[in-house]
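# Coordinate inspection notes
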Amino acid sequence: RYPAMRTEKKNESVKAQPREVYNIFRDSALRYMGYANEVGESFRYQAPRLVVPTYVLAFGYCAADSFSAGYKKWNEDVPQDSGSEISQATYAAFDTLLWQTFASVLIPGGTINIIVRASRFAMTRSAFSTIPAGLKTWAPTFSGLGSIPFIVHPIDGFVDFVMDNTTRQWFKGYS
């Protein structure tokens, strides 16, 4: 998402080429911490006390990634014509926090909640009366967990699209 510009020192005629910089919050297994609340939503009916702590973990991940993005921007060399370090660092932190909140917590959490709730509703209908009680109890949880890999990329793309056409346009001078 945030390509960094790198230049080759050996040959001055080589132009800067965008290159992705490793980000521990997005390029490692730590990325899945942002989806902790989806696991909590999937287990909402079996372990309701698990839901709030998973949201705390997910929002903690969002805050850490946001702080990291702002800190990295703060430490970059800022061209004279591009605004202050403070405004750029603040924008980077805000953009990351907003993106992570929607793409990692709110939209996926709501989606999983709806999937689990709909599955649970379907399991209580008379058409499923011959299904064992254990399966009726756990099928909604498994449907929630099983849907996580399928909702991640569409939600990420949707949030990127919306932010590219709203907040990132509004704050274009700060990036």
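Summary of the structure given here. The shown structure was predicted, so the numbers you read here are calculated from the model rather than taken from an experiment.

Calculation notes
Residues numbered from 1 in each chain as written. Predicted model: local features only at pLDDT ≥ 70, side-chain atom pairs only at ≥ 80, totals over all residues. Heavy atoms only, no water. Helix = DSSP H or I, 4+ residues; strand = E, 2+ residues; numbered from the N terminus. Contact = heavy atoms within 4.5 Å. Expected span 1.5 Å × (residues − 1). Core = buried A, V, L, I, M, F, W, Y, C linked by side-chain atoms within 4.5 Å. Buried < 20%, exposed > 50% of the residue type's maximum accessible area, 1.4 Å probe, protein only.

## Looking at the side chain of serine 66
Tracing the backbone through its elements, the reader meets serine 66 in helix H3 (residues 51-75). Ignoring sequence-local partners within four residues, the contact set of serine 66 consists of Ala93, Phe94, Thr96 and Leu97.

## Here we look at H3
With 25 residues, H3 extends 36 Å between its outermost C-alpha atoms, agreeing within 8% with the 36 Å of an ideal straight helix rising 1.5 Å per residue. In this fold, the buried residues of H3 make contact with helix H1 (24-27), helix H2 (36-42) and helix H4 (85-123).

## Section: the nonpolar core
Core analysis: the largest hydrophobic core is formed by 11 residues, namely Tyr35, Trp99, Ala103, Ile112, Val116, Ile148, Ile151, Val152, Ile155, Val159 and Met163. Mapped by element, the contributors of at least two residues to this core are H4 and helix H5 (133-164). Each residue touching isoleucine 151, except ones within four places of it in the same chain, is listed here: Pro108, Thr111 and Ile112. Counting residues in hydrophobic clusters, the runner-up holds seven residues, among them Phe25, Val51, Tyr61 and Val105.

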